[in-house]
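# Observations on the model geometry
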Amino acid sequence: MKCYQCGGELKRSVATLHLQKDRKPIFMENVPVTICEQCGEEYISGPVAEKLGQILDKDQKPQALLSIPLFDFKLAV
Ligand SMILES: [Zn+2]
């Protein structure tokens, strides 16, 4: 399988995804993805996407709660 964006080689990896649950931002760690070695494009397989949906639908307790620094580009420069 080749990258749809640039034709580069794909390799299996894990990623931390930025998702939304009930309109709130969440992070999901250790998600199996296929990533392009050339442009960095990430691909998520159908079964993994389905599992992500199931996890988000369930009212599961997160493994950790983070407090995340937020920068405003306009104010920070
Ligand atoms: Zn690529």
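Not measured: the values here are computed from a predicted model.

Our next topic: the sheet that holds strand β1 (residues 10–21). Reading across from one edge, β1-β2-β3 is the order of the 3 strands in this open sheet, with antiparallel pairing throughout. Strands with a single pairing partner mark the edges of an open sheet, and in this sheet they are β1 and β3 (42–43). Both strand β2 (residues 24–36) and β3 contribute to a ladder of 2 bridges, which runs antiparallel. Considered in β3, the bridge of T34 is made with Y43. Across the face of the sheet, helix α1 (residues 46–57) comes into contact with β1 and β2 while running at roughly 165° to β2.

Bridging between β1 and β2 involves 11 bridges; their strand directions are antiparallel. Residue pairing for β2: Q20 is matched across the bridge by P25. Hairpin connection of β1 to β2: 2 residues between the antiparallel strands, including D22 at a positive phi of 50°. Once β2 ends, the chain turns through 5 residues before running back antiparallel as β3, passing G40 with a positive phi of about 85°.

Definitions and cut-offs
- Residues numbered from 1 in each chain as written.
- Predicted model: local features only at pLDDT ≥ 70, side-chain atom pairs only at ≥ 80, totals over all residues.
- Pairing = 2+ DSSP bridges.
- Helix = DSSP H or I, 4+ residues; strand = E, 2+ residues; numbered from the N terminus.
- Contact = placed C-beta atoms within 7 Å.
- Axes fitted to C-alpha atoms, helices over the stretch in contact; angles between N-to-C directions.

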